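Close look at the chain arrangement
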Amino acid sequence: MRKVEAIIRPDRLQAVQDALDTLGTSGLTITEVLGCGRQRGYTEMYRGTRVHISLQRKVKVEAVVVDSRVEAVVEAIAAAARTGEIGDGKIFILPVEEAVRIRTGERGDLTIRHLDAEHWGH
Amino acid sequence: MRKVEAIIRPDRLQAVQDALDTLGTSGLTITEVLGCGRQRGYTEMYRGTRVHISLQRKVKVEAVVVDSRVEAVVEAIAAAARTGEIGDGKIFILPVEEAVRIRTGERGDLTIRHLDAEHWGH
Amino acid sequence: MRKVEAIIRPDRLQAVQDALDTLGTSGLTITEVLGCGRQRGYTEMYRGTRVHISLQRKVKVEAVVVDSRVEAVVEAIAAAARTGEIGDGKIFILPVEEAVRIRTGERGDLTIRHLDAEHWGH
Amino acid sequence: MRPIARVRAGGSLAIVGATFPLVTHAAAQTTAQSAGVAVDTVWVILAGMLVLFMQAGFAMLEVGFSRMKNVGTVVAKIIVNLSISSIMWWGVGFALAFGAGSGFLGHLIGGGAGFFPSFTPGSTLDLPALHGSDVPAAAKFFFEFVFCAISLAIVWGTMLERTKFIVYILFAIPFAGFIYPLISHWVWGGGWLGAGLGVQDFAGSGVVHLTGASAAFAGLLLLGPRIGKYGRDGKPNAIPGHNMPLAQLGVLILWFGWMGFNPGSTFEALNLHFADVLIVTNLAAAAGALSAMTVIYVRQKSLDVGMIGNGAIAGLAAITAPSGFVQPWAALIIGAIAGVIVVFGVYFIDKFIDDPLGALSAHGLACVWGLLSCGLFADPLLAKVDGVGRGGLFYTGNWAQLGAQAVAVVSIFATVFCLSFGLFWIIKRTVGLRVSERDEIEGLDISEHGMWGYPESFMPVPGGAYIHPDAIAGATHQRLASVSGEPTT
Amino acid sequence: MRPIARVRAGGSLAIVGATFPLVTHAAAQTTAQSAGVAVDTVWVILAGMLVLFMQAGFAMLEVGFSRMKNVGTVVAKIIVNLSISSIMWWGVGFALAFGAGSGFLGHLIGGGAGFFPSFTPGSTLDLPALHGSDVPAAAKFFFEFVFCAISLAIVWGTMLERTKFIVYILFAIPFAGFIYPLISHWVWGGGWLGAGLGVQDFAGSGVVHLTGASAAFAGLLLLGPRIGKYGRDGKPNAIPGHNMPLAQLGVLILWFGWMGFNPGSTFEALNLHFADVLIVTNLAAAAGALSAMTVIYVRQKSLDVGMIGNGAIAGLAAITAPSGFVQPWAALIIGAIAGVIVVFGVYFIDKFIDDPLGALSAHGLACVWGLLSCGLFADPLLAKVDGVGRGGLFYTGNWAQLGAQAVAVVSIFATVFCLSFGLFWIIKRTVGLRVSERDEIEGLDISEHGMWGYPESFMPVPGGAYIHPDAIAGATHQRLASVSGEPTT
Amino acid sequence: MRPIARVRAGGSLAIVGATFPLVTHAAAQTTAQSAGVAVDTVWVILAGMLVLFMQAGFAMLEVGFSRMKNVGTVVAKIIVNLSISSIMWWGVGFALAFGAGSGFLGHLIGGGAGFFPSFTPGSTLDLPALHGSDVPAAAKFFFEFVFCAISLAIVWGTMLERTKFIVYILFAIPFAGFIYPLISHWVWGGGWLGAGLGVQDFAGSGVVHLTGASAAFAGLLLLGPRIGKYGRDGKPNAIPGHNMPLAQLGVLILWFGWMGFNPGSTFEALNLHFADVLIVTNLAAAAGALSAMTVIYVRQKSLDVGMIGNGAIAGLAAITAPSGFVQPWAALIIGAIAGVIVVFGVYFIDKFIDDPLGALSAHGLACVWGLLSCGLFADPLLAKVDGVGRGGLFYTGNWAQLGAQAVAVVSIFATVFCLSFGLFWIIKRTVGLRVSERDEIEGLDISEHGMWGYPESFMPVPGGAYIHPDAIAGATHQRLASVSGEPTT
Ligand SMILES: Nc1ncnc2c1ncn2[C@@H]1O[C@H](COP(=O)(O)OP(=O)(O)O)[C@@H](O)[C@H]1O
Ligand SMILES: Nc1ncnc2c1ncn2[C@@H]1O[C@H](COP(=O)(O)OP(=O)(O)O)[C@@H](O)[C@H]1O
Ligand SMILES: Nc1ncnc2c1ncn2[C@@H]1O[C@H](COP(=O)(O)OP(=O)(O)O)[C@@H](O)[C@H]1O
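The rules we used
Residues numbered from 1 in each chain as written. Chains lettered and ligands numbered in written order. Predicted model: local features only at pLDDT ≥ 70, side-chain atom pairs only at ≥ 80, totals over all residues. Heavy atoms only, no water. Near = heavy atom within 4 Å. Polar contact = N/O pair within 3.5 Å; in protein donor to acceptor, adjacent residues only side chain to side chain. Areas by Shrake-Rupley, 256 points an atom, 1.4 Å probe, with all protein chains shown as cover. Helix = DSSP H or I, 4+ residues; strand = E, 2+ residues; numbered from the N terminus. Nonpolar A, V, L, I, M, F, W, Y, C, P; charged D, E, K, R; others polar. Least-squares fit on C-alpha atoms with pLDDT ≥ 70 in both. Contact = heavy atoms within 4.5 Å. Buried area = accessible area lost by both parts, 1.4 Å probe. Salt bridge = Lys/Arg side-chain N within 4 Å of Asp/Glu carboxyl O. Patch = residues over 30% accessible without salt bridge, like charges linked within 9 Å, V, L, I, M, F, W, Y side chains within 5 Å. Phe/Tyr/Trp six-rings, centres within 6.5 Å; stacked < 30°, edge-to-face > 60°. Buried < 20%, exposed > 50% of the residue type's maximum accessible area, 1.4 Å probe, protein only.

Moving on to the site of ligand 3. Residues in contact with ligand 3 amount to 23 residues; listed here are only the nearest, B:T29, B:V64, B:R103, C:R38 and C:Q39. Mapping the residues near ligand 3 onto chains gives chains B and C. Here C:D88 contributes a backbone N or O atom positioned 3.2 Å from an oxygen atom of ligand 3. C:G89 has a polar backbone atom sitting 3.2 Å from an oxygen atom of ligand 3. In isolation ligand 3 exposes 540 Å². Once the protein is present, 99% of that is buried. Going through the elements one at a time, β2 (28-36) and β5 (56-65) of chain B together with β2 (28-36) and β6 (90-95) of chain C are the ones with two or more residues in the shell around ligand 3. Broken down by element, the shell around ligand 3 gets its largest block of residues, three residues, from β5(B). Partitioning the shell around ligand 3 into residue classes produces eight nonpolar, eight polar and seven charged.

Next up, the structure:
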């Protein structure tokens, strides 16, 4: 199992969700985060003085997937999140040793096995 | 060391905290997240139109624990967070290579060693 | 690649950002979290009754860095975040298998390679 | 209607005069008299409007002391209860309170006139207890109505965050239609307390606030506390609400509105008494806020924001009864003591009863003190001006007025408590008072009203950019394209 | 100016008297008459102020129904449009609406007097249609101004969250300077609808609300919906705003302000009619809220908070025209039907047009009903008091008044819609109506105003402790050190 | 008290008449005269209430421009300072400002009457400077009190987010008890500026706003900026507050309240001057908002929301002095220039002094301009009506009035600045002005008041479902069970 952790633009979230939906994934966890990277902060003028905004609003999308699906998921996220402008974000892949479904106590790959590609989320 | 990362229902947080408290853990970090999985979104009616709510509010609980305690912690969380209905969430276990206590600069297991099972948190 | 994950006091964030800035890092992701550990909750009096505040507001700083820079980054964060009082927080180091820059599709260390130590963030 | 040239006021009145005896009377008055009536009426209506605006004050106060998941229900409740009071007061409440009563029964309840009233310019009704004022029946009706609505608002201010919405509706109907009118009749409508015993309650510490608080007390006993209010050890936990700025905006609106509440109760402007009442009212609020601040600071070493506001409200609630009877120096004492009472009252009551705003203290205990304080501080001269009761103990050495006030406290509390307890008990046995435990934890907004009061805080909209999936890309562009002709893309 | 002893009011008036004929007249009046004028003026000004305050109500209502990223622009817009109305009304609007018109043209537009007016104490202007009221020109000017500003506010309430700020400015100028004055003249200023056909519109269901809603309808057709409002299937999605407490605070402020809106339209206090109007207004609001609550509950099994507020507004908007002509029982019916209309109106309109507040229903449809309801429920006696039109169908069996009202509805709608559509079309072809798609997604606050309306919710300030990097350590301490003399470090 | 039939107003007055000479006088008046007095009194009291409500405006404005961690202290401060002003004004302030002064000393300070006053219906006091108005002493007292409270509110609006709460209390006492009364006496109370030099300050640009701003300036110099306001390079950083909707609600409330502030300063309704003042006031606000909007847009290409509101406030503050003396066209110029001044004022002052709201510009600089503008634009006719000073330069070609106004500016500023600096210096050396650096970073709400103003935003309550651990499971169910009789579980 791997955790695919993507930092993306907030307004690409829906597209990413849709892409993963099409692909069929078992679940997602989303966190509002702030980021800085190549995309530097900017300065707004406000009542004649500057406001430095050094951190950008981003969204972190985490999906734990079985090893065989990692590449497909990464590709799908990257395609959906890309705008081509600086600040599109990063995807990190982390090892996961075990997964437990709290409801049933099940463990292992089956807890995160793919569902049929139906429309979840709406 | 392992990081136990649990995505749970917000209203089970207190029970999970209590359970870990009883067990005696060194610390917890909690994040408000949104999730989707088996528990699909729902549609509310609002002024005659639909509102699709595709993401559920969840809470992510992270505890870095020494290897010997991983099982106990996972069990405790799962037991406390379980309601038996879809949407109870998942627990993931990730490898951690090192831990540092900022205050002292200490490293390794001792930074996250268990405290005596006293009542932290309140 | 490693993910350096630091849980720090909110009011040390700027100092940590500055320190990493000086060091030259490729990026950061910041999340508002709640934590408990050695620093126990406290009780406020409010209209004659108690309010238990069991969780502290903390900030999680995540930086994925190339292996050779891990130590420097950890040191920099620890130095900047330290106040010496209980509640300073922890730094965890997690393995990362791969990183992808969404904008370009690039992979590997170069996506998170250090920039020259210029002033990012403001 | 914009007054079109051919429609002179005088002319139109004359036309109508033939039909409405009272209007004829008005036309027969000298212009001077009619200016006098008009200024009285403008004053009473203005004061009534300020009291109406206090609903916004209660709304903000309650919103501020609620948790974010329960704010929509608060404002919905305020609007619905204001609406129910409006209609019930028109239908039966006003008549029962002020319509001429007769004989012995007239000491208990009115009803000789005023059911489902119609109004024409300047028309009157047979309201013997209000004959002292020359304003038309419509103005009397309106001013008394807003008081009824305030009393009902006080009831609900205590029952936040766990009550079923239907309960608000079911209890409002008999409260606005019977319970409040009953007490109102006793004290102001020619009943046994006011016309009989000479009980002094200038603007309603008893009629409005104690009535509201007594009903609230009955309701709270049956309702029980919010989940989490009491710990395993039985000790209370604070649930501090979510928004002090709005809560204190509420306090400021109430303070503002009270400038109509008490001074408007002169029911006339010509004798200029309202200006004095206003000053006395303002000073009591000030003293209440400062004394509550001091006491809470001494007790817990912090300047509790909510308690400062509670102090102001307690001062205002306490001065409501004596506002027409006392001098400024007495107002300062009355307000200051109310500020002390409210702090210890909240401390004490919170041990047993979950009253999120501290309304039982601020409206209940402070008003008991306010009613009694008339018996101590009433200036005999002002008692004569107002024509009710006599001077207080400190002026006259006579305990009579204090006794009358005590009778009023006991009888109002007992009556309202019993009637309300019965009603709430019936509601509890039939439809139930509380939402389910799950609904309470999820919040009343989503469970009863289908949407959070703060949708963006609860609905998963990362980045704040709520865009429906269906509307992405294709659809959006299509639709935007259809809005053609825009030069800027 | 504080009246310094040597400056007696009488004296100063006498001095001025020589110069201003009208003031001389005033000084020549008996004191009684002058008290009468003063009380009328106080009343009209008070009512006008309440209407002015309704701007705060609209601001909160619109803020509450907007998303967090678009709240700053809402309040900026309210202030700017109030400002533009103030100046346009002073410059030309008032004159076109109420300045003496002449001959046939006078049925269409005024303008014989009142451009860029100056005022001195008690001065009058040649405003034939307002001669029925004895208040000075300044009071008439102010009261009519606030109505114009409300009508403009109604236009914008529908176009939230995607309109360029410049559009507000460009449309406000001709609307406040010509469109609203035109309709105002037709109905109230001596034009063909009011003075001609005897159309009854006591306080402006037609003049104010229908005018605003018709312009809004034209604008919305050209503006198009917010991104995400309609799904791929063309069905509407809800975009529920962010703050029900503020939205309902807005409703309560509007309710409060409407106590000036309708009753103030008597333009005098002496005949005491305003008290009746007030009661009728309040009852319609109550009935609207309760009926909307009931209907929406039956339809979707939840007590929609916003819709309860909409019901109250619809009741108020509907009763605006008949408020001076009907009895309380009719007000209840009018309000209740308005509450039903608003729910189904929102359901229906939402299918095609994106109107975030439901203002087209609450102000448009409800007001059409309100105008027509005069033709049904107008009490012949009150029609005589007000001197406009005749009794309604249910009293007289005569369809004439209903016919006149229908003519008003059609002519106001058609005129305002066409003029506004033309104007919006020109604006769209030149500067454009909408912000760019990117700006809409990011929010208007940051894209048009350079800062979020809720800076801390959008600006990355973890921990809420915004401290600028430059100010850390060194700099801070230095600066603090320079603030020497502080004993506590 | 509801007027019980046996208590006729006339009768009660007669009873009291024997004791209070003035009341006897009142009873001896014809009804006409008494209606005149009543309408004047209703007007003055109404206007005073609107000014009182401006406290809510300041509260919301300051809340909006504060960060979330400091909002509770803002509202607590407003309530406490209103309370302190109430009591200090009653005790000594009113007497020092308006109580008869004597001889040379009388030019500097009053005090012959009015300490700790008592009031009875219609009673007067020896207030020579206010004898021009026939309203009773209580109305004069109240109206002057609310101005004092506003002046104090202006002081504190500048010192947000770092001041110790005790400082508010310590400074409020001498400010409301002496500093404000002193200036008030000079200009309005028969002192050397008003009665002596004929300085025109209709409603207090100088007395209220410049006094407040001058004290604020002194305080700010000693207080220093918020941590983070100035970067290492010494350049200012913006700290944009957290809530524009509430801030602009504040502006709208202030705008509304100013309709009482200026027009009420006629101190009478009978001469109808208040209606003119109202129009002039409204136009200046409009012009201020629009000119500030234009200037800021030109300068930074964005429509700064806060600055639009600041423009309106600056227009209002500037027109305060000339509002009774100028024509509408002049009001537009005065307001527009104030709008320009406020923008550049904020730009300039922000370089050196940390004034979160820009109050030094909006109340200080704009008011200096307002005072001076009387010397330019005062209409000689209106100067006669008001009985103070003469026409301005543009009417008369005479520089005298402008000179007098300049003297007022300098003397008010110098006096208030010096007195306040001294007081703040003493407070700084004794208890200190600022909270500790740690408290400032954590926020004043939690450090001084023991709870955040937005508890849910700061208290760790994931999921918004605050449930105390002690109350989980067992305890809750037990307690719920005890609330028996509920049919629905
Ligand atoms: N090394 C890193 N560690 C953690 N987060 C990172 C890292 N680099 C980038 N990010 C996150 O990705 C976001 C986008 O990165 P950025 O460098 O601005 O754009 P791009 O990836 O297009 O070059 C950042 O705002 C930050 O949240
Ligand atoms: N593969 C996954 N990766 C990341 N988060 C997941 C994954 N699967 C589930 N989650 C998280 O767990 C939550 C609950 O999962 P869900 O499938 O709805 O319930 P259950 O685990 O009871 O079947 C989701 O809302 C989501 O936040
Ligand atoms: N084992 C752990 N797992 C996850 N987070 C932890 C752990 N221990 C501590 N933390 C986080 O670090 C924060 C600070 O830790 P604490 O023990 O209070 O202080 P210190 O590290 O100075 O002893 C906690 O609030 C919590 O968020």
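Right, let's get into the relation of the copies chain C and chain A. When chain C is fitted onto chain A, the two copies agree to an RMSD of 0.0 Å after a turn of 120° and an axial shift of 0.0 Å. The two molecules are tied by a three-fold rotation axis, judged by turn and shift. No C-alpha of chain C approaches the rotation axis more nearly than that of C:P95, which lies at 4.2 Å. Residue by residue, only 10% of the interface of chain C is reproduced at the interface of chain A, so the copies engage with different surfaces.

For the rest of this paragraph, the subject is the interface of chain C and chain A. Counting from both sides, the interface comprises 31 residues of chain C and, opposite them, 35 residues of chain A. Overall, the association of chain C and chain A removes approximately 2800 Å² of surface from exposure, summing both partners, and the carbon and sulfur fraction of that is 55%. Taken together, the connections running from chain C to chain A amount to five salt bridges. With a closest N to O distance of 2.3 Å, A:R2 and C:E97 form a salt bridge. Where chain C meets chain A, there are 13 residue pairs in polar contact (both at pLDDT 80 or more). Those elements that place two or more of their residues in the side of chain C that touches chain A are β2, β5 (56-65), β6 and β7 (98-101) of chain C. Here the side of chain C that touches chain A is composed, by residue class, of twelve nonpolar, ten polar and nine charged.

What follows covers a nonpolar patch on the surface. All names here are of chain D. Side chains of W329, I333, I337, F394 and Y395 sit close together on the surface and give an oily, nonpolar patch of about 440 Å² of accessible area. Among the elements of the structure, α12 (328-349) and α15 (393-396) are those that each provide at least two residues to the nonpolar patch. Here the element with the most residues in the nonpolar patch is α12; it accounts for three residues. Mapped onto the elements, W329 comes out in helix α12.

Moving on: the packing of aromatic side chains. Ring pairs (aromatic) are described by centroid distance and by the angle formed between their planes. This structure, assessed with the given rule, holds 101 aromatic pairs over all chains. Ring centres of D:W329 and D:Y395 lie 6.4 Å apart, and the angle between their planes is 40°; this geometry places the pair in the tilted category. Here the residue D:W329 occupies a position in helix α12, and D:Y395 occupies one in helix α15, the gap between them amounting to 66 residues. When its relative accessible area of 35% is taken as the criterion, D:W329 is described as partly exposed. An angle of 80° between the planes, with centres 6.0 Å apart, marks the rings of E:F147 and E:W188 as edge-to-face. Taken as a pair, E:F147 in helix α5 (residues 137-157) and E:W188 in helix α6 (residues 165-188) lie far apart in primary sequence, 41 residues in all.

Quick look at the pattern of salt bridges now. All chains considered together, the criterion is met by 61 salt bridges over all chains. E:R226 is paired through a salt bridge with E:D354; the nearest N and O atoms lie 2.9 Å apart. Of this pair, E:R226 sits in the loop between α8 (205-223) and α9 (244-261) while E:D354 sits in the loop between α12 (328-349) and α13 (359-377), and the two are 128 residues apart along the sequence. In this structure, E:R226 and E:D354 share a single accessibility class: buried. Connected through salt bridges with shared partners, the residues A:K3, A:E5, A:K60, A:E62, B:K3, B:E5, B:K60, B:E62, C:K3, C:E5, C:K60 and C:E62 form a single ionic network.

Each copy of the sequence occupies a distinct position, and chain F is placed on chain D by a rotation of 120° and an axial shift of 0.0 Å, giving an RMSD of 0.0 Å. Taken as a fraction of all interface residues of chain F, those also at the interface in chain D reach only 9%, which identifies the copy contact as different-surface.

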